[in-house]
Amino acid sequence: MSRHRMVTISDKIYSFGGILQNKQKLNTVSLFDPATLTWTDLSTVNGTPPTPRCDPVVVAYHSDIIIFGGSVQDLEFPSDLHVFDTLTHTWRQPTVIGISPPPRIGCTGAVIGDTLYIYGGGDYDKANKRYTRLFTEIWCLHLREWRWEHIPACGDIPTIMDFLDAFVVGHHLVIEGGWYSEPYAFDVVSRTWMKMLNTGNKTINNNDVSATLVGGGVYCFGGFQDSYKHHLYRMDVSHLTFLVNEV
């Protein structure tokens, strides 16, 4: 399995979506308990789950898991939102205000405070099998009111645009991975990008890897590089903690 996404809630890791080697796309939620090293498939749920998909943005917000977009059947890329309540195992679709981001595949995102930030991705032409546009823009979804906003950004804007990972350090959205290992940080206060040095911190550049931040490390699982991968590795991000105290 690859092209799934993972988040952490209350010391548990949840995985959603993905695609199998036979091209079957998934819409199930699985739970991994690091204390017992066991997986549980949450097959009994309430409400209507999203259509099966890979490459969605999946983030945790309190006890909820928020799903944005992804690749569904026939290579369609909806800009839809779905919410999974991990306490009641219930799916719901919130009513959204404002203009949603254009359809895209391969974007990433993370929650800072009460806001979901979305970066990157591309508009893929399935007939010609190529991107017609790659996005270097930031969108945010204000989660208290479910309102979309497009953010004009400045600074050293990243050149990496699709199939990467994102995590939060302080008030910064940090992106890395995909086919590229150098991280970039987006300051959500000043709305400015900066490129960061990554000396001596080797990563495995798997496309479509899924990652989540726990303590001082980012845990990455799966992905694709010439073949489907099933390894789990940890990237030390303690060298990025200076971002927390940056003024």
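Residues numbered from 1 in each chain as written. Predicted model: local features only at pLDDT ≥ 70, side-chain atom pairs only at ≥ 80, totals over all residues. Heavy atoms only, no water.

S.K.: Tell me about the sheet that holds strand E4 (residues 38–41), residues and numbers included.
M.R.: One open sheet accounts for four strands, arranged E1-E2-E3-E4; its pairing is antiparallel. The open sheet terminates on both sides in strands that have one partner only, identified here as strand E1 (5–9) and E4. Pairwise comparison of adjacent strand axes, ignoring direction, gives a mean angle of 25 degrees for this sheet. Sheet analysis places strand E3 (residues 29–33) next to E4, joined by four bridges and oriented antiparallel. In the sheet register, serine 30 faces E4, and the bridge partner there is aspartate 41. (Pairing = 2+ DSSP bridges. Helix = DSSP H or I, 4+ residues; strand = E, 2+ residues; numbered from the N terminus. Axes fitted to C-alpha atoms, helices over the stretch in contact; angles between N-to-C directions.)

S.K.: An account of the pairing of strand E6 (residues 64–68) is requested, with residue identities and associated values reported.
M.R.: Counting buried positions over the five residues of E6 gives five, a clear majority of the element. Going residue by residue along E6, you find Asp64, Ile66 and Phe68 tucked away on one face and Ile65 and Ile67 tucked away on the opposite face as well. Note: strand E5 (residues 57–61) against E6, five bridges, orientation antiparallel. Residue pairing across strands places tyrosine 61 opposite aspartate 64, the latter belonging to E6. (Buried < 20%, exposed > 50% of the residue type's maximum accessible area, 1.4 Å probe, protein only.)

S.K.: How would you summarise the sheet that holds strand E14 (residues 147–151) if you had to cite specific residues and measurements?
M.R.: Here four strands make up an open sheet; going across it, the order is E9-E10-E13-E14 and the pairing antiparallel. Looking at which strands have only one partner, the edges of the open sheet turn out to be strand E9 (108–112) and E14. Neighbour to neighbour, the strand axes of the sheet diverge by 25 degrees on average, direction disregarded. As defined by bridge partners, strand E10 (residues 115–119) adjoins strand E13 (residues 138–142) across five bridges and the pair is classed as antiparallel. Bridging across to E13, tyrosine 117 finds its partner in cysteine 140.

S.K.: So what's going on with unusual backbone geometry? Which residues, and what values?
M.R.: Phi angles above zero are rare outside glycine, and lysine 129 is one such case at about 55 degrees. Note on placement: lysine 129 falls in the loop between strand E11 (122–125) and strand E12 (130–134). Relative accessible area serves as the criterion here: at 67%, lysine 129 is assigned to the exposed category. The phi angle at tryptophan 146 is positive, at roughly 55 degrees, despite the residue not being glycine. Take tryptophan 146: it is sitting in the loop between E13 and E14.

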